[in-house]
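Given next are the chains, with one letter for each unit.
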Amino acid sequence: MSEFRVASRYAKSLIELANEKGILEEVHNDMQLFSKVVSQNRDFQLLLQNPIVKPDKKLAILNGVFKGKVQELTLAFFSIVARKQRESHLEFIAASFEEQYNTIKGIVKAQVTSALPLTANLREQLVGKLAAEYGQKIQLLEIIDPSLIGGFVLKVGDKQIDSSVKNSLRKLRNEFKDNPYINKL
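Residues numbered from 1 in each chain as written. Predicted model: local features only at pLDDT ≥ 70, side-chain atom pairs only at ≥ 80, totals over all residues. Heavy atoms only, no water.

What about the sheet that holds strand β4 (residues 159-162)?
Then comes step 1: Spatial strand order, β2-β1-β3-β4: four strands in an open sheet with mixed pairing. Strands at the two margins of the open sheet, each flanked by one partner only, are β2 (137-144) and β4. The mean inter-strand angle of the sheet, taken between neighbouring strand axes irrespective of direction, is 15°.
Then comes step 2: Pairing geometry for strand β1 (residues 107-114) and β2, over eight bridges, is parallel. Across the sheet, residue Ser114 finds its bridge partner in β2, namely Ile144.
Then comes step 3: Sitting on the sheet, helix α7 (residues 120-134) is in contact with β1, β2, β3 (152-156) and β4, with an inclination near 135° to β2. (Pairing = 2+ DSSP bridges. Helix = DSSP H or I, 4+ residues; strand = E, 2+ residues; numbered from the N terminus. Axes fitted to C-alpha atoms, helices over the stretch in contact; angles between N-to-C directions. Contact = heavy atoms within 4.5 Å.)

So this is what it looks like as structure tokens:
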């Protein structure tokens, strides 16, 4: 079975159980904490994926890292995943959990990359326009990339709007390169 399908099924089960117990927000925070720890600690990530380390050892480490910081349901979930020897999938389960949570809550992720940080007013306008267009809450991730020179690149789902100066210059360069009159000079 593919990683995606395994992760999706485990995440769906965890979401349904957390929702049933009325602690969906807390478990969501737990899964975000897990994702943050994995992304910031390469050794921890490699440990979870290492087939030589026994599942009970991995579970002991998971409990050592997260006990007292996450819900009992989350620790029990880690235990089940380890017993099924799927701990290498936990990173993908957490990502799938986030996607499914956003779908349930009607949240759309948008990413804006700009040369300079957005002003509070511009950020508010952008979120407002996107919320009106998509009819859902917008979770905006801002990335600063000075190489854009100016303008922005906006990604929402599978759509991308690139109105950066860097992109405009690239298009202009390609037009000059393909122009037969300039090539004759």
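Now that the structure is up, let's keep going.
A short note on the environment of Pro117
Then comes step 1: As for its position among the elements, Pro117 is in the loop between β1 and α7.
Then comes step 2: Classification of Pro117 as exposed rests on a relative accessible area of 59%.
Then comes step 3: Once the C-alpha coordinates of Pro117 and Ile104 are considered, the two residues, 13 residues apart in sequence, prove to be 30 Å apart. (Buried < 20%, exposed > 50% of the residue type's maximum accessible area, 1.4 Å probe, protein only.)

Thoughts on the pairing of β4
Then comes step 1: Bridge count for β3 against β4 is four bridges, and the pairing is antiparallel. When the sheet's bridge partners are listed, Val153 is paired in β4 with Asp162.
Then comes step 2: Between the end of β3 and the start of β4, which pair antiparallel, lie two residues, with Gly157 showing a positive phi angle near 60°.

Topic: the environment of Ala7
Then comes step 1: Summarising the element assignment, Ala7 is placed in helix α1 (residues 3-21).
Then comes step 2: The exposure class of Ala7 is buried, given its relative accessible area of 2%.
Then comes step 3: Put simply, Ala7 and Ala94 are 87 residues apart on the chain and 7.8 Å apart in space, counted from C-alpha to C-alpha.
Then comes step 4: In this structure, Ala7 is in contact with Phe92, Ile93 and Ser96, ignoring residues within four places of it in sequence.

Focus on the confidence of the model for the protein chain
Then comes step 1: Averaged over the protein chain, the pLDDT score is 92; the fraction of residues at 70 or greater is 97%.
Then comes step 2: Mean pLDDT values for the elements of the protein chain range from 66 in helix α9 (residues 180-183) up to 97 in helix α2 (residues 24-40). (pLDDT = per-residue confidence, 0-100.)

Things to note about the nonpolar core
Most often, soluble globular proteins keep nonpolar side chains buried together rather than apart.
Then comes step 1: One finds Phe34, Phe78, Ile93 and Phe97 to be the most contacted residues of the largest nonpolar core, which totals 31 residues.
Then comes step 2: Counting only elements with at least two residues in this core, the list comes to α1, α2, α3 (42-49), α4 (55-66), α5 (72-83) and α6 (90-105).
Then comes step 3: Broken down by element, this core gets its largest block of residues, seven residues, from α1.
Then comes step 4: The next biggest cluster of nonpolar side chains, apart from the first, holds nine residues, and it includes Val108, Ala110, Leu126 and Val156. (Core = buried A, V, L, I, M, F, W, Y, C linked by side-chain atoms within 4.5 Å.)

Considering the packing of aromatic side chains
Then comes step 1: On inspection of all chains with the given rule, the structure shows six aromatic pairs.
Then comes step 2: With 6.2 Å between their ring centres and 70° between their planes, Phe34 and Phe44 make a pair best called edge-to-face. Within this pair, whereas Phe34 is found in helix α2, its partner Phe44 is found in helix α3, the two being separated by 10 residues in sequence.
Then comes step 3: With 5.5 Å between their ring centres and 45° between their planes, Phe34 and Phe78 make a pair best called tilted. With a gap of 44 residues between them, Phe34 in helix α2 and Phe78 in helix α5 connect regions that are remote in the sequence. (Phe/Tyr/Trp six-rings, centres within 6.5 Å; stacked < 30°, edge-to-face > 60°.)

Description of the packing of α4 against α5
Then comes step 1: Relative orientation of the contacting elements α4 and α5 amounts to 165°, with a least axis distance of 9 Å. Relative to α5, the element α4 is oriented roughly antiparallel. Handedness of the crossing formed by α4 with α5: right-handed. Within the contact between the two elements, α4 uses Pro55, Leu59, Leu62, Asn63 and Phe66 and α5 uses Leu75, Phe78, Ser79 and Ala82.
Then comes step 2: Class assignment for the residues of the contact of α4 with α5 results in seven nonpolar, two polar and no charged. (Parallel < 35°, antiparallel > 145°, perpendicular 65-115°, else oblique. Left-handed = near helix turned anticlockwise from the far one by under 90°. Nonpolar A, V, L, I, M, F, W, Y, C, P; charged D, E, K, R; others polar.)

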